[in-house]
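Now for the letters of each chain:
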Amino acid sequence: MAADEPLVLGIETSCDETGVGIVHGTTLLADAVASSVDTHARFGGVVPEIASRAHLEAMVPTIERALKTAGVSARDLDGISVTAGPGLAGALLVGVSAAKAYAYALGKPLYGVNHLASHICVDQLEHGRLPEPTMALLVSGGHSSLLLSSDITSDVRPMGATIDDAAGEAFDKIARVLDLGFPGGPVIDRLAKEGDPKAIAFPRGLSGAKDPAYDFSFSGLKTAVARWIEAKRNAGEEVPVRDVAASFQEAVVDVLTRKAVRACKDEGVDHLMIGGGVAANSRLRALAEERCSRAGIRLRVPRPGLCTDNGAMVAALGAEMVARGRAASDLELSADSSLPVTESHVPGAHAHVHDHDHVHEVSKDNLYS
Ligand code: KG4
Ligand code: ZN
């Protein structure tokens, strides 16, 4: 850990986790999380108003807990980063407001960063600096994309994305049909270990020769699984939950890994990173490892705790912004629930982008004059 690496506190409130992380360069010092997931479970999904209120209550205690764990004082921070989007508008607002208040009170630069780029950047805390370029398969409850990045702070290029449901959303919906609770990913992952992935041949979306090579579709799969379950129930037969879970999961991870490896080969990229909540899936990790090693691609997947939403990922990207001299955000920064994946951060209005490489001219110092 170099002495001149930036010390950054990151705040994440895009969904139901109030996450506060503190990093020193690419070293993780603290990762405090307060989750409201149990409160949402009985509704079968995240209720935005409940999430916002829970963030409000958890915000200050979680920040204090992170500072204590890291053993640093807020005065020593080189910057504060926060998820500016995408995510639930009201939930994002709580994090952005808190980050602005701390940045203003402490006189620290503020970095509004992209949640999706953060899911990729977090891997630096575990496996060191991201190779450039890196192909990233980003699979979460709200997104499923293949992204090619030559610099996570300024160049994230979408190769493909889901045209309907996100991968995590499919896990959550199938878990609901099977009465397994919310969120669905972890429980399906667990049950699938005891099931046969070949028991039922569920469809692989957008996998025909004429289909877009890097886009995904999980809505047809979801319908096929729901119909299959319904037919069993209507026939008065018992639903083999473990086999359904295993076969459904196999259909999802088969398509994800095949398309990701293909994108790497087509683009001549030899590093694949997998991030987002679904990257915690054990079968996805195993199959990706198998297919990558066969194709001569180096696979990087953060440990499961860093795949699901957390504050460390936001701090990791914030630290990278500071390290690369990216322009800070204004204190007028607003949350953007649909912030495009191509915008790794939200530079302030006074920052000048002066060429195609997105090199920002203004140093963070003159933004606070
Ligand atoms: O990244 P994340 O924590 O939040 C979003 O930004 O959406 O992802 C949450 C999603 C949920 O849909 C959840 O079911 C899924 O990630 N997930 C999993 C697993 N753990 C979480 N999906 C499959 N297998 C898992 N082990
Ligand atoms: Zn996420």
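Residues numbered from 1 in each chain as written. Chains lettered and ligands numbered in written order. Predicted model: local features only at pLDDT ≥ 70, side-chain atom pairs only at ≥ 80, totals over all residues. Heavy atoms only, no water.

Engineer: When you look at unusual backbone geometry in this model, what are you seeing that I'm missing?
Structural biologist: Trans peptide bonds make up most of the peptide bonds, and negative phi angles are found at most residues other than glycine. Of note, the amide linkage connecting Glu132 to Pro133 takes the cis form, showing an omega dihedral of 5 degrees. The topology assignment puts Pro133 in the loop between α5 (124–127) and β6 (134–139). Between Phe182 and the following residue, Pro183, the backbone shows a cis peptide bond with an omega angle of -10 degrees. With respect to the helices and strands, Pro183 occurs in the loop between α6 (167–177) and α7 (184–192). A positive phi is found at Asp179, a non-glycine position, where the angle reads about 55 degrees. With phi around 50 degrees, Leu206 is a residue other than glycine that occupies positive phi space. Within the element layout of this structure, Leu206 appears in the loop between α7 and α8 (219–234). (Helix = DSSP H or I, 4+ residues; strand = E, 2+ residues; numbered from the N terminus.)

Engineer: Help me understand the pattern of salt bridges in this model?
Structural biologist: Any two side chains of opposite charge can pair, given that their charged atoms come close. Within this structure, the stated rule accounts for 20 salt bridges. Across the salt bridge formed by Arg291 and Asp254, the nearest N and O atoms sit 2.9 Å from each other. Here Arg291, found in helix α10 (residues 282–295), pairs with Asp254, found in helix α9 (residues 241–267); they are 37 residues apart in sequence, far enough to count as distant. Accessibility expressed as a relative area gives 21% for Arg291, which makes it partly exposed. (Salt bridge = Lys/Arg side-chain N within 4 Å of Asp/Glu carboxyl O. Buried < 20%, exposed > 50% of the residue type's maximum accessible area, 1.4 Å probe, protein only.)

Engineer: Explanation requested: the UniProt feature "binding site: Fe cation" (unreviewed entry) in the protein chain in the structure shown.
Structural biologist: Those residues carrying the UniProt feature "binding site: Fe cation" (unreviewed entry) are His115, His119 and Asp309 in this numbering. For the annotated residues, spread through 195 residues, the largest C-alpha to C-alpha distance comes to 8.8 Å, consistent with a single compact locus. Within the secondary structure, His115 is located in helix α4 (residues 115–121). Setting aside chain neighbours within four positions, we find His115 in contact with Glu12, Ser14, Thr83, Gly85, Pro86, Asp309 and Met313. Mapped onto the elements, His119 comes out in helix α4. Separated by 3.1 Å, the side chains of His119 and His115 make a polar contact. (UniProt positions renumbered as here; feature names shortened; annotations may be inferred. Contact = heavy atoms within 4.5 Å. Polar contact = N/O pair within 3.5 Å; in protein donor to acceptor, adjacent residues only side chain to side chain.)

Engineer: Looking at this model, I keep getting lost on helix α2 (residues 48–70). Mind explaining?
Structural biologist: Spacing of three or four residues puts side chains on the same side of an α-helix, whose turn is 3.6 residues. Of all the bends in α2, the greatest, near 45 degrees, is centred on Ala58, and the proline Pro61 appears no more than four residues after it. Of the positions making up α2, those classed as buried are Ala51, Ser52, His55, Ala58, Met59, Thr62, Ile63, Ala66, Leu67 and Ala70. Considering only its buried residues, α2 is in contact with β1 (7–12), β2 (17–24), β3 (27–35), α1 (37–41) and α3 (89–106). (Bend = angle between axes of the 7 residues up to and from the residue.)

Engineer: Would you mind going over the nonpolar core with me for this structure?
Structural biologist: In a soluble, globular protein the nonpolar side chains are often hidden away together inside. Membership of the largest hydrophobic core comes to 51 residues, with the highest contact counts inside it found for Met135, Leu137, Leu146, Phe248, Leu256, Leu272 and Ile274. Residue assignment for this core shows that the elements contributing at least two residues are β6, β7 (144–151), α6, α7, α8, α9, β9 (271–275) and α10. For this core, the element with the most residues is α9, which contributes 13 residues. What Leu256 contacts, discounting residues up to four positions off in sequence, is Leu137, Val139, Ala167, Phe216, Phe218 and Leu284. Ranked by size, the runner-up nonpolar core spans 29 residues in total, among them Leu125, Leu130, Leu138 and Ala315. (Core = buried A, V, L, I, M, F, W, Y, C linked by side-chain atoms within 4.5 Å.)

Engineer: Would you mind going over the domain arrangement of the protein chain with me for this structure?
Structural biologist: By convention, interface size is frequently given as the accessible area that disappears when the constituent parts associate. According to the domain assignment, the protein chain contains domain 1 (7–122 + 307–367) and domain 2 (134–301). Computed from C-alpha atoms alone, the centre-to-centre distance between domain 1 and domain 2 is 27 Å. Between domain 1 and domain 2, roughly 1,900 Å² of surface is buried when both sides are summed, and carbon and sulfur atoms account for 72% of that area. Viewed at the interface, domain 2 and domain 1 are joined by two salt bridges. When the shortest N-O distance is used, the salt bridge between Arg326 and Asp151 registers 2.9 Å. Our count for the contact surface shared by domain 1 and domain 2 stands at six residue pairs in polar contact (both at pLDDT 80 or more). When residues of the side of domain 1 that touches domain 2 are traced back to their parent elements, those giving at least two are α1, α4 and α12 (311–323). Broken down by element, the side of domain 1 that touches domain 2 gets its largest block of residues, five residues, from α4. Counted by class, the side of domain 1 that touches domain 2 contains 13 nonpolar, eight polar and four charged residues. (Domains from an automatic or database assignment. Buried area = accessible area lost by both parts, 1.4 Å probe. Nonpolar A, V, L, I, M, F, W, Y, C, P; charged D, E, K, R; others polar.)

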